[in-house]
Amino acid sequence: MDTQVLISYLPRYVSAFFLTVRIGLIGIALAFLIGIFSAFCIHFKVYILSQVFKGYVELFRNTPLLVQLFFIYFGLPKLGLSISAELCGILGLGLLGGSYMSEAIRSGLEAVSKSQTESASALGMNRGQTFFYVILPEAFTLSVPAIVANVIFLLKETSVFSAISLMDLMFTAKDLIGLYYNTTESLFLLVSFYIVMLLPISIIGSILEKKVRYKMFGAN
Amino acid sequence: MNEILKVENLTKAYDDLKVLDGVDLTVSKGEVVVIVGPSGCGKSTFLRCLNGLEDIQEGSVVFNDEVINPFKGSPAKVREKIGMVFQSYELFPHKTVLQNMILAPMKVRKAKKKDAEKEALALLDRVGLLSKKDSYPRQLSGGQKQRVAIVRALMMHPEVLLLDEITAALDPEMVREVLDVVINLAKEGRTMVIVTHELSFARAVADRMIFIDGGKIVEEGAPGEFFDDPKTDRLKKFLESFSYN
Amino acid sequence: MGFEVLLKGNNMLRLLLGVWTALRISLVSVLISIVLGILIGSIMTLKNPVIKVITRGYLEFIRIMPQMVLLFIVYFGATKALGLNLPAEAASIIVFSLWGTAEMADLVRGALTGIPKIQYESSAALGLTTTQTYTYVIIPQVIRRLIPLSINLITRMIKTTSLIMMIGIVEVLKVGQQIIEANRKSSPNAAFGVYATVFLLYFAVCRPISLLSKRLEKKWEN
């Protein structure tokens, strides 16, 4: 491996890294909003909305992000809905992620036992208080491992953004290989930056998972 | 009386912590021995040493003149003759009640399927669960599961039956249906070693009571004497902790 | 809206053949993953520290690397490093098997260690030998936990195959792209209809499989 080449490539990778992280984080934030809202609607069987969101979750969980992006980026403009590649990336990640987050949060909500709800109302809490002080925190705790897994999954999925010409890490590597044929260096930097991005989250995730399990069952 | 199980100087330790410290016990054929004691006193561990689920550091367990712990030879051969029922039932979740019962007889005793089934159905009938023969464990109540677990152990024709806190996980209204089964077994003259917290049941079923505390047998005797006239302070304290006067 | 282009000539058939390419690669990779995953997952339950470090490292690396990156490492990296000219389809099967094996191994390990110790003990108490305990009690339970998860892995694999167009394999998305290109003049709106169709084709394939997986999981709960 040529150190000189590595150093000369580094700036491009760094800016691609920040682009990837930025779009990733905004997309994940969007996914959270969609996920919480749709999980709420489905769990409480909100009229019509619960059906709509159920359909949405099934549709996006059972299709690949790349196909979703192609549809949004190349298909929708034919109906007059044109958006930039970056917005398309955020929207695609948000919609895909929203469907996964929705599942994670909803199963958390379902797992909070009925007796918890009843004991809270026996303490004199009303429905809103029960939901916000008892059910939601507990459901969230239960969902943490699934949510962290989703965050990792979504950050990994950003690698398909290169297909709609976003200059993310993958795009940069592909571009540099195509231009200069320094395959080894390009791939090495690509792998390194993904490790930098995802290893910490993966480690935090497994620590959180242990904590949650401890909280729920008192032992590992 | 002919002795069937003889424990001598049994010592069980985890690293430096002695859980059982030189326990001696002899069980005769047809005898029902009930062991009580505070939580963590080592009574369940003691029971698990009797069929070799736990290895021991000193002493020996002799079953029908054969040393079975520490092991020589195949543990499976001995366990066939010593049945055990657990607090958490431990039915096999992927098998129906009937399949749970005939698995070990067919595989271990090489019983014919027809014979094993016939025997299983008769036993299920005796404990009032004939109608549940094709149910899966998850479809049964705790009390029903435990009754199945008991007759599943009987299918192996054990010479000794070990019962480890078999009602501890049950709702109070289900305790009775399980203990009635055990009392009937005692009447038939089955040899049993029972660990339990149900003192009135212990009194009704036991030929001999054992009180273990701190890994040692502190007191033993016939149930009448044991409950009405305990000799040691520790047993007095233990028994008092169950009463409200 | 661009759907009409699919009715022209054998366009729809070509699209379906593209689906088959994706399916074929997924199924081959899933089969390899299940076999190797069971093997490695079982090895992972051993207490040997060397085996632990190696398998954990493998799992962790595969888990945090996007499949697209793995695809590029194997497809372009192998060509460069080993001087090997790997066909794209072989490269993708290798990558998906590496990934699927890691996923499967973790599931197998979880299923094996998830059987409570006392199930082994109660089998022993009935006089079953170790082999009998595994054959009749433990393995059937492990398999019932694994089947829904393996089926679920198939859908994830199928979705991931959409990436192989990026290394030049002509699967459904690539066929779609070709159809759109070829009809740019006559059907300028083809992109909407074709990509919507590809979208729904994926859904039509994956949804029944994930439903089946969910059903089985429910049915075999505890």
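Residues numbered from 1 in each chain as written. Chains lettered and ligands numbered in written order. Predicted model: local features only at pLDDT ≥ 70, side-chain atom pairs only at ≥ 80, totals over all residues. Heavy atoms only, no water.

(A) Geometry of the sheet that holds strand S4 (residues 58-63) of chain B. All names here are of chain B. Taken together, four strands build an open sheet; the order of strands is S2-S1-S4-S5 and the sheet is antiparallel. Looking at which strands have only one partner, the edges of the open sheet turn out to be strand S2 (17-28) and strand S5 (66-69). Put simply, the sheet's adjacent strands are angled 30° from each other on average, direction ignored. The sheet contact formed by strand S1 (residues 3-14) and S2 spans eight bridges and is antiparallel. In the strand pairing of S2, alanine 13 is matched with lysine 18. The sheet contacts of helix H1 (residues 43-50) involve S1, S2, S4 and S5, and relative to S1 the element is tilted by about 120°. (Pairing = 2+ DSSP bridges. Helix = DSSP H or I, 4+ residues; strand = E, 2+ residues; numbered from the N terminus. Axes fitted to C-alpha atoms, helices over the stretch in contact; angles between N-to-C directions. Contact = heavy atoms within 4.5 Å.)

(B) Seen up close, the packing of helix H4 (residues 85-111) of chain A against helix H6 (residues 127-157) of chain A. All names here are of chain A. With their axes 8 Å apart at the nearest point, H4 and H6 run at an angle of 145° to one another. By crossing handedness, the relation of H4 to H6 is classed as right-handed. Packed against H4, whose contacting residues are Leu93, Leu96, Gly97, Tyr100, Met101, Ala104, Ile105, Gly108, Leu109 and Ala111, the element H6 presents Phe131, Ile135, Ala139, Leu142, Ser143, Ala146, Ile147, Asn150, Val151, Phe153, Leu154 and Glu157 at the interface. Looking at the contact of H4 with H6 residue by residue, the classes come out as 17 nonpolar, four polar and one charged. (Left-handed = near helix turned anticlockwise from the far one by under 90°. Nonpolar A, V, L, I, M, F, W, Y, C, P; charged D, E, K, R; others polar.)

(C) Structural context of the interface of chain B and chain C. In this complex, chain B contributes 26 residues to the contact, which on the side of chain C involves 21 residues. Carbon and sulfur atoms make up 62% of the area that chain B and chain C hide from each other, which totals about 2,000 Å². Our count for the chain B to chain C interface comes out at one salt bridge. In this structure, the salt-bridge partner of C:Glu121 is B:Arg48, at a minimum N-O distance of 2.6 Å. (Buried area = accessible area lost by both parts, 1.4 Å probe. Salt bridge = Lys/Arg side-chain N within 4 Å of Asp/Glu carboxyl O.)

(D) Structural context of the packing of aromatic side chains. Overall, the coordinates contain 23 aromatic pairs over all chains when judged by the stated rule. Between the aromatic rings of A:Phe71 and C:Phe192, the centroid separation amounts to 5.4 Å while the plane-to-plane angle is 45°, which identifies the pairing as tilted. Of this pair, A:Phe71 sits in helix H3 (residues 65-75) while C:Phe192 sits in helix H8 (residues 190-219), each in a different chain. Relative to C:Phe76, the ring of C:Tyr75 lies with its centre 5.0 Å away and its plane at 65°, an arrangement referred to as edge-to-face. (Phe/Tyr/Trp six-rings, centres within 6.5 Å; stacked < 30°, edge-to-face > 60°.)

(E) Main features of the interface of chain C and chain A. On the chain A side, the residues contacting the 38 residues of chain C number 38 residues. Carbon and sulfur atoms make up 76% of the area that chain C and chain A hide from each other, which totals about 3,400 Å². Considering only the surface of chain C that becomes buried against chain A, C:Ile64, C:Phe192 and C:Phe199 emerge as the three largest contributors, covering 20% of it. For the interface between chain C and chain A, the tally reads three salt bridges. Close ionic contact of C:Lys214 with A:Glu58 constitutes a salt bridge, the shortest N to O distance being 3.7 Å. At the surface where chain C touches chain A, the tally comes to seven residue pairs in polar contact (both at pLDDT 80 or more). (Polar contact = N/O pair within 3.5 Å; in protein donor to acceptor, adjacent residues only side chain to side chain.)

(F) Quick look at the confidence of the model for chain C. Predicted confidence across chain C gives a mean pLDDT of 89, with 100% of residues reaching 70 or more. Two numbers describe this predicted complex: its pTM, 0.80, and its ipTM, 0.88. (pLDDT = per-residue confidence, 0-100.)

(G) Region of interest: the pattern of salt bridges. Residues and elements named next belong to chain B. Per the counting criterion, the structure on display carries 33 salt bridges over all chains. Lysine 18 is paired through a salt bridge with aspartate 21; the nearest N and O atoms lie 3.9 Å apart. By relative accessible area, which is 46% here, lysine 18 ends up partly exposed. According to the relative accessible area criterion, aspartate 21 is partly exposed, its value standing at 25%. Across the pair lysine 43 and glutamate 165 runs a salt bridge, and its minimum N-O distance is 3.9 Å. Here the residue lysine 43 occupies a position in helix H1, and glutamate 165 occupies one in the loop between strand S7 (160-164) and helix H6 (172-187), the gap between them amounting to 122 residues. (Buried < 20%, exposed > 50% of the residue type's maximum accessible area, 1.4 Å probe, protein only.)

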